[in-house]
Amino acid sequence: MESTQSVAIDGQRIHYVRAGRGPAVVLLHGSGSSLEGFGRVAELLSSSFDVIRPDLPGFGRTGPRPDRDYRVRTYAGTIARFLTALEVPHFALVGNSLGGNIAWNLALDAPERVDRLVLVNATGYPEKTLPAGLRLARNPVLRPLLRRWLPRSATERGLREAVGANSAIVDDAMVDRVHALTSRPGNRSAFVDFATTDQPDRSADIPKIAVPTLVLRSAEIDGQHFARDIPSATERVHADGGHLLPEEDPAWVAKAIREFLQ
């Protein structure tokens, strides 16, 4: 696992990796993931950009929020304060899944800071199909158990459900990495808290996003309409990707981001 730095924000230490030179690009991972989810994409971008990858609160090395507030707009405020602490006044913002949801909320709340927005299989519309992990965490019978224990087999099953044709990426190393980070103290319980947080539906505000936006979507992803609703948006569709595009086809994702930002 990579060596991280950390900075104190909102009563906890946000862990992150920063590499490269140039305009700032912030990569936000999805739920149940960590900054490693954008690892290869970051490598491909760092020759031209200052690439910043945090572990979001509740996940990875950052771990649970002391206040247990996992609303998406709270996440957006935390990321804004995190980047202020790093003395990054404006930036391009890339988010996968939950990270994309946080990214477009931040673009609405602080448009003067977000130069460009890239949404990779982002969430935020109410009709989005829930992944297996979130469905389990919302089960009132299983919820207390999941706070204490999650078998490695469940981690592997969730990852296999999340990917498309390139299922070979779900190897022992990936399963071990994700399971180890999920099993860090407090992370399982934080995931349950996140999964059961009431998230206000803000999708009616999506057409108000004025930041130039690139939508990267796998063809099989349903119920998300960013390219339709954001006036400035362009879209690229991956024919056979799953939910974890930054890991399934990092070269495709990095190339699309680079072309959009240059």
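Structural data are supplied above this passage.
None of these values were measured; they are calculated from a predicted model.

## Concerning the nonpolar core
By size, the foremost hydrophobic cluster in this structure holds 45 residues, and its most contacted members are Phe-82, Phe-91, Leu-93, Ile-102, Leu-106, Leu-117 and Phe-226. Residue assignment for this core shows that the elements contributing at least two residues are strand 1 (5–9), strand 2 (12–19), strand 3 (24–28), helix 2 (72–85), strand 5 (91–96), helix 3 (98–109), strand 6 (114–120) and helix 8 (187–195). Counting 21 residues, the second-largest nonpolar core is a separate cluster that includes Val-41, Ala-42, Val-120 and Leu-245.

## Some remarks on the pairing of strand 5
Burial analysis of strand 5 places six of its six residues in the buried class, the great majority of the element. Every second residue of strand 5 is oriented toward a common face, with Phe-91, Leu-93 and Gly-95 on one face and Ala-92, Val-94 and Asn-96 on the other, all of them buried. Across four bridges, the pairing between strand 3 and strand 5 is parallel. Pairing of Leu-28 across the sheet is with Gly-95, part of strand 5. Where strand 5 lies against strand 6, six bridges are found, and the strand directions are parallel. Opposite Val-94, over in strand 6, you have Val-118 as the bridge partner. You can see the chain leave strand 5, run along helix 3 and come back into strand 6, and the turn it takes is right-handed.

## Thoughts on the pattern of salt bridges
The final tally for this structure, using the stated rule, is 22 salt bridges. Across the pair Arg-202 and Asp-109 runs a salt bridge, and its minimum N-O distance is 2.6 Å. Taken together, the residues span a long stretch of sequence, with Arg-202 in the loop between helix 8 and strand 7 (213–218) and Asp-109 in helix 3 at a distance of 93 residues. Judged by relative accessible area, which is 14%, Arg-202 ranks as buried. Linking Arg-236 and Glu-259 is a salt bridge whose minimum nitrogen-to-oxygen distance equals 2.6 Å.

## With respect to the environment of Ser-33
Looking at the element boundaries, Ser-33 is found in the loop between strand 3 and helix 1 (39–45). Expressed as a C-alpha distance, the spacing of Ser-33 and Leu-146, which sit 113 residues apart in the sequence, is 16 Å. Contact partners of Ser-33, with chain neighbours within four places excluded, come to Phe-59, Gly-60 and Glu-247.

## Focus on the packing of aromatic side chains
By the definition in use, this model includes eight aromatic pairs. Taking 6.0 Å as the distance between ring centres and 75 degrees as the angle between the ring planes, the aromatic pair formed by Phe-59 and Phe-194 counts as edge-to-face. Residue Phe-59 is found in the loop between strand 4 (50–54) and helix 2, and its partner Phe-194 is found in helix 8; the two are separated by 135 residues along the sequence. Note on accessibility: Phe-59 and Phe-194 belong to one class, buried. With 6.3 Å between their ring centres and 45 degrees between their planes, Phe-191 and Phe-194 make a pair best called tilted. One end of the pair is Phe-191 and the other is Phe-194, both in helix 8 and three residues apart, which spans about a single turn.

## Brief notes about the side chain of His-15
Its place among the elements puts His-15 in strand 2. There is a polar contact of 3.1 Å between the side chain of His-15 and the side chain of Thr-4. When sequence neighbours within four positions are dropped, the list of residues in contact with His-15 reads Thr-4, Gln-5, Ser-6, Leu-35, Arg-53, Pro-54, Asp-55, Arg-61 and Thr-62.

## Description of helix 11 (residues 250–261)
For helix 11, which comprises twelve residues, the first-to-last C-alpha distance of 16 Å matches the rise-based estimate of 16 Å (1.5 Å per residue) to within 8%. Within helix 11, burial applies to Pro-250, Val-253, Ala-254, Ala-256, Ile-257, Phe-260 and Leu-261. The buried side chains of helix 11 occupy one side of the element, clustering within an arc of 160 degrees when seen end-on.

## Details of the environment of Val-120
Along the polypeptide, Val-120 turns up in strand 6. Its relative accessible area of 0% is what places Val-120 among the buried residues. Residues Val-120 and Asp-50, spaced 70 residues apart in sequence, show a C-alpha to C-alpha distance of 19 Å. Look past the residues within four positions of Val-120 in its chain and what remains in contact with it is Val-94, Gly-95, Asn-96, Ser-97, Leu-216, Leu-245 and Pro-246.

## A few points about the sheet that holds strand 2
Strand order in the open sheet formed by eight strands is 1-2-4-3-5-6-7-8, with mixed pairing between adjacent strands. Taken across any chain shown, the strands that pair with only one partner, and hence form the sheet edges, are strand 1 and strand 8 (233–238). Strand-to-strand, the axes of this sheet are offset by a mean angle of 25 degrees, without reference to chain direction. Against the sheet, helix 2 engages strand 1, strand 2, strand 3, strand 4 and strand 5, with an angle of about 120 degrees to strand 1. Helix 3 rests against strand 3, strand 5 and strand 6 of the sheet, and its axis sits at about 145 degrees to strand 5.

Rules and cut-offs
- Residues numbered from 1 in each chain as written.
- Predicted model: local features only at pLDDT ≥ 70, side-chain atom pairs only at ≥ 80, totals over all residues.
- Heavy atoms only, no water.
- Core = buried A, V, L, I, M, F, W, Y, C linked by side-chain atoms within 4.5 Å.
- Buried < 20%, exposed > 50% of the residue type's maximum accessible area, 1.4 Å probe, protein only.
- Helix = DSSP H or I, 4+ residues; strand = E, 2+ residues; numbered from the N terminus.
- Pairing = 2+ DSSP bridges.
- Right-handed = clockwise from strand over helix to strand, strands pointing away.
- Salt bridge = Lys/Arg side-chain N within 4 Å of Asp/Glu carboxyl O.
- Contact = heavy atoms within 4.5 Å.
- Phe/Tyr/Trp six-rings, centres within 6.5 Å; stacked < 30°, edge-to-face > 60°.
- Polar contact = N/O pair within 3.5 Å; in protein donor to acceptor, adjacent residues only side chain to side chain.
- Expected span 1.5 Å × (residues − 1).
- Arc of directions from axis to C-beta.
- Axes fitted to C-alpha atoms, helices over the stretch in contact; angles between N-to-C directions.

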